[in-house]
Amino acid sequence: MDETALDSILEVQEAVEAPDDFVANAVVSNPAAQRASAAEDPEAIWEAAANELEWFRPWDTVFEGDPPDFSWFPGAQCNIVYNAIERHLLTWRRHKVALIWEGENGDHQAFTFAELAREVNLLASALRARGIGKGDRITLYMGVSPQLAIAMLASAKIGAIHSVVFGGFSADALRDRIQDAKAKALITADGAYYRGNVVPLKPAANAAADECPTLECVVVYQRCGVEVEMVDGRDIWWHDFVAGASTEAGTEVMEANDPLYILYTSGTTGRPKGIQHRHGGYMVGTYLTTKWVFDLKDTDLYWCVADMGWVTGHSYVVYGPLLNGATVFMAEGAPDYPDMGRWWRTIERYGINILYATPTAIRMFMRTGEEWPNRFDLSSLRLLGTVGEPINPEAWRWYDRVIGKGRCPIVDTWWQTETGSILITSLPAEPQKPGSAGLPFPGIEADVVDKQGNPCAPGEGGWLVIRRPWPSMLATIYGDHDRYVETYWTAVPGCYASGDAAVRDTDGYIRVLGRMDDVLNVAGHRLGTMEIESALVAHNAVAEAAVIGVADDLKGQVPKAFVILSAGMNASDTLSNELRDHVARTIGKIARPDSIEFVETLPKTRSGKIMRRLLKAKEAGQDIGDTSTLDPMSFADEEE
Ligand code: WTA
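(A) Seen up close, helix 2 (residues 31-40). Within the span of helix 2, buried status applies to P31, R35 and A38. For helix 2, the buried positions fall inside an angular range of 65° around the axis, keeping them on one side. In this structure, helix 2 carries A32 and E40 as exposed residues pointing more than 90 degrees from its buried face.

(B) Main features of the packing of aromatic side chains. One pass over the full model with this rule turns up 29 aromatic pairs. Summarising the aromatic geometry, the rings of Y261 and Y282 are spaced 5.1 Å apart at their centres and angled 90° between planes, so their arrangement reads as edge-to-face. Residue Y261 is found in strand 15 (residues 259-265), and its partner Y282 is found in helix 10 (residues 279-293); the two are separated by 21 residues along the sequence. The same class applies to Y261 and to Y282, which are both buried. Aromatic pair Y282 and Y319: ring centres 5.8 Å apart, planes at 85°, arrangement edge-to-face. With Y282 in helix 10 and Y319 in helix 11 (residues 311-323), this pair connects stretches of sequence that are 37 residues apart. Residue Y282 is classed as buried on the basis of its relative accessible area of 1%.

(C) Layout of the packing of helix 4 (residues 80-89) against helix 10. Viewed as axis vectors pointing N to C, helix 4 and helix 10 meet at an angle of 50°, and their least axial separation amounts to 8 Å. Relative to helix 10, the element helix 4 is oriented oblique. Contacts between helix 4 and helix 10 involve I80, N83 and R87 on the former and, on the latter, H279, Y282, M283 and Y287. Here the contact of helix 4 with helix 10 is built from residues that sort into 4 nonpolar, 2 polar and 1 charged.

(D) Layout of unusual backbone geometry. Following P67, the chain continues to P68 via a peptide bond in cis, the omega torsion being 10°. Here P68 shows up in the loop between strand 2 (63-66) and strand 3 (69-72). Of the consecutive residues Y337 and P338, the connecting peptide bond is found in the cis state with omega at 0°. Relative to the helices and strands, P338 is located in the loop between strand 18 (327-331) and helix 12 (342-350). We note that K182 has phi near 50°; this positive angle belongs to a residue other than glycine. Phi at A523 takes a positive value of approximately 45°, unusual for a residue other than glycine.

(E) Molecular detail of the sheet that holds strand 16 (residues 273-278). A sheet is described by the order of its strands in space; here 8 strands give the open sequence 13-12-9-7-8-15-16-24, paired in mixed fashion. Every interior strand has two partners, whereas the edge strands, strand 13 (235-237) and strand 24 (476-477), have only one.

(F) Local environment of the environment of M473. Note that M473 resides in the loop between strand 23 (460-466) and strand 24. In the structure, M473 is positioned 56 residues away from T417 in sequence and 9.1 Å away in space, judged by C-alpha atoms.

(G) View of the domain arrangement of the protein chain. The domains assigned to the protein chain are domain 1 (11-82 + 256-443) and domain 2 (83-252). Each of domain 1 and domain 2 has a C-alpha centre, and the two are 24 Å apart. In this assembly, 48 residues from domain 1 lie in contact with 50 residues from domain 2. Carbon and sulfur atoms make up 56% of the area that domain 1 and domain 2 hide from each other, which totals about 4,300 Å². Scanning the region where domain 1 abuts domain 2 turns up 6 salt bridges. One salt bridge connects K96 with D298, and the closest N-O pair in it is separated by 2.6 Å.

Parameters and conventions
- Residues numbered from 1 in each chain as written.
- Predicted model: local features only at pLDDT ≥ 70, side-chain atom pairs only at ≥ 80, totals over all residues.
- Heavy atoms only, no water.
- Buried < 20%, exposed > 50% of the residue type's maximum accessible area, 1.4 Å probe, protein only.
- Helix = DSSP H or I, 4+ residues; strand = E, 2+ residues; numbered from the N terminus.
- Arc of directions from axis to C-beta.
- Phe/Tyr/Trp six-rings, centres within 6.5 Å; stacked < 30°, edge-to-face > 60°.
- Axes fitted to C-alpha atoms, helices over the stretch in contact; angles between N-to-C directions.
- Parallel < 35°, antiparallel > 145°, perpendicular 65-115°, else oblique.
- Contact = heavy atoms within 4.5 Å.
- Nonpolar A, V, L, I, M, F, W, Y, C, P; charged D, E, K, R; others polar.
- Pairing = 2+ DSSP bridges.
- Domains from an automatic or database assignment.
- Buried area = accessible area lost by both parts, 1.4 Å probe.
- Salt bridge = Lys/Arg side-chain N within 4 Å of Asp/Glu carboxyl O.

Right, here's the structure in full:
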């Protein structure tokens, strides 16, 4: 980045107060007091949370070291699975429901904590019997299912390191990740249901496994009952694997800084990075953020719609909620299948209280109209969340009005695979500003700075950095510590560089403007993508928009917008002009798109993020393959 700050042009939104009765009953009902004490002693907040969990041996000190190398709770011994499962077995939660799952085809499974413990122990014992244990890597390649959670927990219980690979990834992507981790075992399934079809997982697993000599066994869960090819001596059905295994499995005693899992993320360029998290700090971070941000109570049914192949599925489907003894809901399948009512019907049917979703999905539902959600009783909802991309104020207000009926606080949570847990979000009892993630979580020191690390003034955009380490932060990039140092610790002196652009207002609320790599430079003005996209989506003809910078002789770059129209709208030059004028009117002439291309779809990552990188490559004349076949909810392999 050069030294100029970013221009921030979007109007600051009015704060929306949380309902009084919500505040009165909130887990954190006095956020100001929490913030004050965290400001005084940031480590105390994490230590207090750690003290609510069970450890086999206490820590010598809370934090030690200097970034990029540091440790949390050094000297302590623990196992995250002991806290996610075993400790609840000693309480009334033993027979509380831990997981409820609905398959796309109507299948249904539920597990109490005692039942979950039994399933995890069976798999853990079977893995141990195959000589797999502490420090070994296990790759998991499955659809959203309790068995994927069980496989993660069984791996962690025996001290193995799991690496979940999103079930929508190709054989090549899977192979690269197994090879990078030198995994000893692969756990997969015959398939998963998606939009009425069986997505076959085993053929890709076979193609990958054939090229991975480190694999000693491939365990296959039978989800769909489709015909699969099993390789003699290597492959075994899950039900055969656990048959006769012990229902008792000792929990491996781990050092707090021993690795828990690797999760590959490709970021914007290059080879996927194996982001490595550890037992102790990750446990404390996900435990506390889940409890405070989602206001989690024992009476709640909590649904995070994320696929478990990405970090949200790790931290906020599996670990964070189970550490809190919560009841977690999971669903297989797409949000728009068999119809646009899938989510709303599910909320009504199960009485879901907390919904954690993505801006992409919310915009898709907005586009198809509020008749769908309005057909169902959503009165059980009491808190809504969003993650993954900036949410534009219009989508925020729609989510608030149509889904939350104005009764539910919305937490806009900013974090990354690398951060392990939520770092920026106002707590639900605090005022929220649509379009802003809000204040940093207590104990987190976030800043918006220029290239030299000097804080930017309010309203001035810059790099989003974190000034002091937090417990759930990544330990390293698996097998490539230099790349870890280079990627996160060199851009801004002394700070963790998130790679995002952001702006802070006079109340300290942080609005994320997009990825730094996507920033446009129009005649010397540096603009984040979020603001122009947000202005476009505010127009009722527009359902979704993505903006990139295109080279221009005169201005350096000019904005180009890719627009998906709302249902019933037709593309025309008149509309194109109107939209360009609309952007100029609402946020300024400098942001007026030079051209608009109307498209049916936008290329997206597995987690629903728009891949502006692909749009830029296409604009530059590179062949990016046929993305026209991608529907709005489908995903491209990120490393392509
Ligand atoms: C973006 C997902 C704005 C951001 C948990 C970040 C967001 C990247 C938000 C990490 C949000 C995530 N507002 N932008 N609430 N949440 N992002 O690793 O650019 O899949 O750097 O982790 O998503 O994506 P990742």
